Amino acid sequence: MRLRPADAPGAGVANRANILGYIGSTGAGKSASLKAALREARHARVLIWDPQDEYGHLAGQATGAVGRLLELVQAAGRGPFCIRFQPSSDLKTAAKQFDAFCRIAYAAGHCAVVAEELAFVTSASKAPPGWSLLNLKGRHKGLTIYGTTQRPARVDKDFFGNCTRIRCGRLNYATDQKTMADVIGVPVEAIGALLPLQYLEKDMATGNVVWGVVNPTGRQAPAKPWPGSNAQTPETGPPAKKKRVARA
Ligand SMILES: Nc1ncnc2c1ncn2[C@@H]1O[C@H](COP(=O)(O)OP(=O)(O)OP(=O)(O)O)[C@@H](O)[C@H]1O
Ligand SMILES: [Mg+2]
């Protein structure tokens, strides 16, 4: 499947990976965070997997048919698009549609892909091949991937294993809290203590952890360094040298 003229071979090898995970129980602030990030990023080409029918304000075109999605992306060629896909409520059908949706995004290249509620279409032991393609090879195709889930313990490892930034909000289940404590590298109590709209966020490249509160209706307040983080960042720099105390 080729949906736009091919880039030169190896053209994407220097691209940086951009895979952003938003985790939390219902109402934790995942979609609000994601929408704020999307607005800020101003991607010219966006494909949205929209099972809750909540991205109408962002996406001009919508379809629930894989064939139509393919037509719309083909028609866009190298140009801009913002299309949301509304999957079937039948989970088996939705899983097949998700695989096709991901393959179309991969073939299109140079776009942002939003995948809302991954637990419905992936499992801890197996990712749909199209979704794996996005996570494992999407960097070379210039893709930015945004994924959300309420149940991290049920989501495939290809996603968490390649996330470049993970924002985790309130989680109710102990197994999910444990999964995210392991992924982010913080004590499970730090995840368990999060209230709705509060989050911990880890930059997986630097190991830096910050925390903050999502504003679902407007500008986002800047995140603050998490006191438990021991990662070195450009802001914090290396630990200060100890002053020598003159011995008497
Ligand atoms: N446009 C809005 N105006 C007012 N409140 C909002 C708006 N969008 C979200 N909220 C509130 O912010 C909170 C977080 O919403 P959000 O949609 O981000 O949750 P979520 O983590 O994506 O949950 P779910 O898994 O159910 O999709 C909810 O309490 C919701 O009522
Ligand atoms: Mg949501």
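Since this is a predicted model, take the numbers as computed values, not measurements. Numbers given to residues run from 1 along each chain, matching the order in which its sequence is written. Whichever chain is written first becomes A and whichever ligand is written first becomes 1, with later ones labelled in order. Only residues with pLDDT of at least 70 are given local features in this predicted model, and only at 80 or more are side-chain atom pairs given and counted; all residues enter the totals for whole chains, interfaces and linings. Heavy atoms throughout the structure, all of them, feed into the side-chain values; hydrogens and water do not.

Turning to the sheet that holds strand 6 (residues 144-149), a few remarks are in order. Two strands make a pair as long as DSSP finds a minimum of two bridges between them. Numbering of helices and strands runs from the N terminus, with a helix taken as a DSSP run of H or I at least four residues long and a strand as a DSSP run of E at least two residues long. Pairing is mixed across the open sheet formed by 10 strands, whose spatial order is 3-4-2-5-6-1-7-8-9-10. Each end of this open sheet is capped by a strand with a single partner; those strands are strand 3 (61-63) and strand 10 (224-225). Examined bridge by bridge, strand 2 (residues 45-49) and strand 4 (residues 81-85) share five bridges and lie parallel to one another. Within the sheet, the bridge partner assigned to I48 lies in strand 4 and is R84. Contact between two residues is taken to exist if any of their heavy atoms lie within 4.5 Å; hydrogens are not considered. Only the contacting stretch of a helix is used when fitting its axis, a line to C-alpha atoms as for every element, and angles between N-to-C directions run 0 to 180 degrees. Along the sheet, helix 3 (residues 91-108) contacts strand 2, strand 4 and strand 5 (112-115); its crossing angle with strand 2, the most-contacted strand, is approximately 170°. Contacts between helix 6 (residues 174-184) and the sheet are confined to strand 1 (19-23), strand 7 (165-168), strand 8 (198-203) and strand 9 (209-213), with strand 7 contributing the most and set at about 145° to the helix.

With that out of the way, let us pick up the site of ligand 1. We define proximity as follows: a residue is near a molecule or strand when any one of its heavy atoms falls within 4 Å of that partner. Inspection of the region around ligand 1 gives S25, T26, G27, A28, G29, K30, S31, A32, Q150, L197, P216 and T217 as its neighbouring residues. For the purposes of these results, a polar contact is taken to be a pair of N or O atoms within 3.5 Å, where, inside protein, one atom must be able to donate a hydrogen and its partner to accept one; residues adjacent in sequence count only when each atom of the pair is a side-chain atom. Separating an oxygen atom of ligand 1 from a side-chain N or O atom of K30 is a distance of 2.6 Å. For ligand 1, the protein covers 57% of the area, taking 630 Å² as the surface of the free molecule. Side-chain classes are defined by residue name, with Ala, Val, Leu, Ile, Met, Phe, Trp, Tyr, Cys and Pro counting as nonpolar, Asp, Glu, Lys and Arg as charged, and the others, Gly among them, as polar. The residue makeup of the shell around ligand 1, split by class, is four nonpolar, seven polar and one charged. Every accessible area reported is derived by Shrake-Rupley at a probe size of 1.4 Å, with residue values counting cover from the shown protein chains alone.

Moving on to the confidence of the model for the chain. Note that predicted coordinates carrying low pLDDT should not be read in detail. pLDDT expresses, on a scale from 0 to 100, how confident the predictor is about each individual residue. Looking at the chain, the pLDDT average stands at 89 and 88% of residues meet or exceed 70. Counting interchain partners and residues more than four positions distant, the pLDDT-below-50 stretch residues 232-240 has six contacts.

Moving on, we come to the side chain of T149. Turning to its location among the elements, T149 is positioned in strand 6. Here the side chain of T149 touches R151 through a polar contact of 3.0 Å, landing on its backbone nitrogen. Residues contacting T149, with those up to four places away along its chain left out, are Y22, I23, G24, K30, E117, L118, A119 and V155.

It is worth spelling out helix 2 (residues 66-76) at this point. Because each turn of an α-helix spans 3.6 residues, side chains separated by three or four positions end up pointing in the same direction. Partly exposed residues are those whose accessible area sits between 20% and 50% of the maximum for their type, while under 20% is buried and over 50% is exposed, using a 1.4 Å probe and protein chains only. By the burial criterion, the buried members of helix 2 are L69, L72, V73 and A76. Down the axis of helix 2, the buried side of the element spans an arc of 95°, and every buried residue falls inside it. Taken together, the buried residues of helix 2 touch strand 2, strand 3, strand 4 and helix 3. Once helix 2 ends, the next one or two residues include G77, with phi positive near 55°. The directions considered for the arc run from the helix axis to the C-beta atoms.

Both cavities and pockets are sets of points on a 1 Å grid over the protein atoms alone; in a cavity a 1.4 Å probe fits but cannot get out, in a pocket the set is open with protein on both sides within 12 Å along at least five of seven lines, and lining residues sit with an atom within 4 Å of a point. Grid points are joined across faces, edges and corners, and a volume is the space filled by probe spheres set on the points. Enumeration over the complete set of coordinates arrives at one cavity of 30 Å³ or more. Volume-wise, the largest cavity comes out at about 50 Å³. Taken together, Y22, I23, A28, G29, K30, S33, R167, C168, G169, Y199 and V214 make up the full set of residues lining the largest cavity. Secondary structure elements with two or more residues in the lining of the largest cavity: strand 1, helix 1 (30-41) and strand 7. Here the residues of the lining of the largest cavity sort into six nonpolar, three polar and two charged.

A few words on the packing of aromatic side chains. Paired rings are identified among Phe, Tyr and Trp, the last through its six-membered ring, by centres lying within 6.5 Å, and are further divided according to the angle between planes into stacked (under 30 degrees), edge-to-face (over 60) and tilted (the rest). Within the structure shown, the criterion is met by eight aromatic pairs. The interplanar angle of 35° and the centroid separation of 5.5 Å between the aromatic rings of W131 and F159 together place this pair among those described as tilted. Of the two residues, W131 is situated in helix 4 (residues 129-137) and F159 in helix 5 (residues 157-162); the sequence distance between them amounts to 28 residues. You'll find W131 and F159 in the same group, each marked buried. In textbook terms, an aromatic cluster arises when at least three aromatic residues are bridged by ring pairs, as seen for W49, F85, F98, F101, W131, F159 and F160.

What follows is about the nonpolar core. Formed by 47 residues in total, the largest nonpolar core has its most connected members in F98, F101, W131, L134, M180 and I191. The leading source of residues in this core is helix 3, at eight residues. When near neighbours in sequence (up to four residues on either side) are disregarded, W131 contacts F98, D99, C102, A115, L118, T122, I145, D156 and F159. Of all hydrophobic cores here, the second largest spans 12 residues; its members include I48, Y55, V114 and Y146. In this text, buried Ala, Val, Leu, Ile, Met, Phe, Trp, Tyr and Cys residues form a nonpolar core when linked through side-chain atoms within 4.5 Å.

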